[in-house]
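These are the residues of each chain, in order.
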Amino acid sequence: MSCTVRIASPLHSYTAGASRVAGRGATLAEVLGDLERRFPGIRFRMIDEQDRIRPHMRLFINTEEARDLSAPVRGGDTVHVICALSGG
Amino acid sequence: MTLTAAERARYQRHLSLREIGAAGQEKLKAARVLIVGAGGLGSPAALYLAAAGCGTLGLVDFDRVDVSNLQRQVLFDTAGLEQPKAEAGRARLAALNPEIRVIAHALELKAANVRAVLADYDLVIDGSDRLSTRYLVNDACVLLGRPLISAAIHRFEGQLMTYVPGRGPCYRCLFPQAADGVVANCAEAGVLGVLPGVLGTLEATEAIKLITGVGTPLIGRLLTYDALELRFQEFRVERRRDCAVCGDAPTITEPRDPPRPAAQAPADGVRRLTARALEALLSPPQQAPPLIDVREPWEFDTSHLAGALNIPLGQLPQRLAEIPRGGAPVFICRSGGRSMRACQLALAAGVASPANLEGGMLGWAAEVDPTIPVA
């Protein structure tokens, strides 16, 4: 199952500057696992040691928020990784 | 509040809009809006709200105008360098529209003063550059029942949402918790100058809509903006029943200051070095400790201490193996905050006796080498 993942600006250092990368997996957990294999360290910036989404990160599948990693991802979906920004 | 002849002349384009008209303009005249942060976001928001005839505008900022602000903070000009932002902004807005009242609050919002400052305003716009201020303002707005329009920016991206207590989620529903230092700010990461122009103008738009009651506010909808792709996106955000401030059983019932920054907090096992103490350790060079500079590469490129290794804080968890073992490394950043977090990460990963350069490169420039440029 392939999808598109849009990466928050503060995490672009992991994706060589790319704001949009391809992902693969049938659940959010699988998609993030796939990202981690290609961009080591990126998952830990979003997910803590207890597999919870970090409180300054939000993950959306298309326009709906995903609150846990079991959320299903369908082919053609876009996973959005949103991060709290502090700049003003 | 009736409009004077001068006001009718000034706002005639608004009066021509059926959706605003005299009734909407009178609401704008009666409105009292507080803008937190006279920076990249606050500048366009303040200018447009002043021009639009928002009757009372408050500007909160305790900083002074720096030359590096002028790339995006259009409220200020070169002649105003070094002036307090709140006062320079007040003067600019008063010159733009003498019909309105502008109040300068040259102070730092804290738990102790936030209620008193917000008490005289009906609506708040957040354009601050610290997460701790964002949470303080959000919590105060929820507790006082004030609508809050909040935007934030980073490099080429921005976010915007409108929070109206009782009508949707609050900022903590969106991001329950975040500490300063987790995300780089504009000074560390850079920002496209025109980006806050877009987001700050959208904040002013939302304020005018809420005040006049026209349109559909951005409640429960997170708007994101990617300037590089020129793409806006919208995401649905629900109120959290377990939200610490607006949830069913809130644990935050009074505004509170964040825990002290890591740089000042006691941290067992982290040594603290003043710039002078580090200078002494660097001689002779053969016995100097490893220096790990955790700033962003562009900051590092502007200047760094000889022999320093650059590992940006965001990459440190993955690059801990690059820290030489056995040498009690010294972590360095711009002012000492990021490097203290780096020390704590290193300590947790088993690095022995990490040290923090207190005051960072700014401290080094102040105490040891005033010729060194610090980005």
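Residues numbered from 1 in each chain as written. Chains lettered and ligands numbered in written order. Predicted model: local features only at pLDDT ≥ 70, side-chain atom pairs only at ≥ 80, totals over all residues. Heavy atoms only, no water.

A. Expanded view of helix H1 (residues 28-38) of chain A. All names here are of chain A. For H1, the set of buried residues is Leu-28, Val-31, Leu-32, Asp-34 and Leu-35. Seen along its axis, H1 keeps its buried residues to an arc of 155°; they face one direction. Where H1 is buried, its residues touch strand E1 (2-6), strand E2 (20-24), helix H2 (42-46), strand E3 (57-61), strand E4 (64-66) and strand E5 (78-83). (Buried < 20%, exposed > 50% of the residue type's maximum accessible area, 1.4 Å probe, protein only. Helix = DSSP H or I, 4+ residues; strand = E, 2+ residues; numbered from the N terminus. Arc of directions from axis to C-beta. Contact = heavy atoms within 4.5 Å.)

B. Summary view of the pattern of salt bridges. Under the criterion given, the structure shown has 30 salt bridges over all chains. Between Arg6(A) and Asp226(B) there is a salt bridge whose closest N-O contact spans 3.6 Å. On the criterion of chain membership, the pair formed by Arg6(A) in strand E1 and Asp226(B) in strand E7 (residues 221-226) is interchain, its members lying in two chains. Owing to a relative accessible area of 10%, Asp226(B) belongs among the buried residues under this scheme. Among the ionic pairs, Arg52(A) bridges to Asp48(A), the shortest N-O distance being 3.0 Å. The network of salt bridges with shared partners includes Arg6(A), Arg20(A), Asp226(B), Glu229(B) and Arg231(B). (Salt bridge = Lys/Arg side-chain N within 4 Å of Asp/Glu carboxyl O.)

C. Main features of the packing of helix H4 (residues 42-52) of chain B against helix H5 (residues 85-96) of chain B. All names here are of chain B. As a packed pair, H4 and H5 sit with axes 9 Å apart at the nearest point and diverge in direction by 30°. Note on packing geometry: the crossing formed by H4 with H5 is right-handed. Residues Ala-46, Leu-47, Ala-50 and Ala-51 of H4 touch H5, and the partners they reach there are Arg-92, Leu-93 and Leu-96. When the residues that make up the contact of H4 with H5 are grouped by side-chain class, the tally is 6 nonpolar, no polar and 1 charged. (Axes fitted to C-alpha atoms, helices over the stretch in contact; angles between N-to-C directions. Left-handed = near helix turned anticlockwise from the far one by under 90°. Nonpolar A, V, L, I, M, F, W, Y, C, P; charged D, E, K, R; others polar.)

D. Representation of the interface of chain A and chain B within the structure. Contact residues are listed per partner, giving 31 residues for chain A and 44 residues for chain B. Summing both sides of the interface, chain A and chain B together bury roughly 2900 Å²; the carbon and sulfur share of this comes to 51%. Among the residues chain A hides against chain B, the three largest losses belong to Leu85(A), Ser86(A) and Gly88(A). Together they make up 24% of the total. For the interface between chain A and chain B, the tally reads 5 salt bridges. (Buried area = accessible area lost by both parts, 1.4 Å probe.)

E. View of the state of the cysteines. All names here are of chain B. For the structure shown, the criterion picks out 0 disulfides over all chains. Free of any disulfide, Cys-333 has its nearest cysteine sulfur in Cys-343, 9.2 Å distant. On the basis of relative accessible area, Cys-333 is assigned to the buried category, the value being 1%. (Disulfide = S-S within 2.5 Å.)

F. Seen up close, the side chain of Ser128(B). Turning to its location among the elements, Ser128(B) is positioned in the loop between strand E4 (123-126) and helix H7 (131-144). One polar contact links Ser128(B) to Asp126(B), side chain to side chain, over a distance of 2.8 Å. When near neighbours in sequence (up to four residues on either side) are disregarded, Ser128(B) contacts Ser86(A), Gly87(A), Gly88(A), Val36(B), Gly37(B), Thr133(B) and Arg134(B). (Polar contact = N/O pair within 3.5 Å; in protein donor to acceptor, adjacent residues only side chain to side chain.)

G. Summary view of the pairing of strand E6 (residues 157-163) of chain B. All names here are of chain B. For E6, the tally of buried residues reaches 7 of 7 residues, placing the bulk of the element in the interior. Side chains of E6 alternate between two faces, with Glu-157, Gln-159, Met-161 and Tyr-163 and Gly-158, Leu-160 and Thr-162 buried alike. Sheet analysis places strand E5 (residues 148-154) next to E6, joined by 7 bridges and oriented antiparallel. Looking across to E6, one finds that Ile-149 is bridged to Thr-162. Counting the residues that bridge the hairpin from E5 to E6 gives 2 residues, and of these Arg-155 lies at a positive phi of roughly 55°. (Pairing = 2+ DSSP bridges.)

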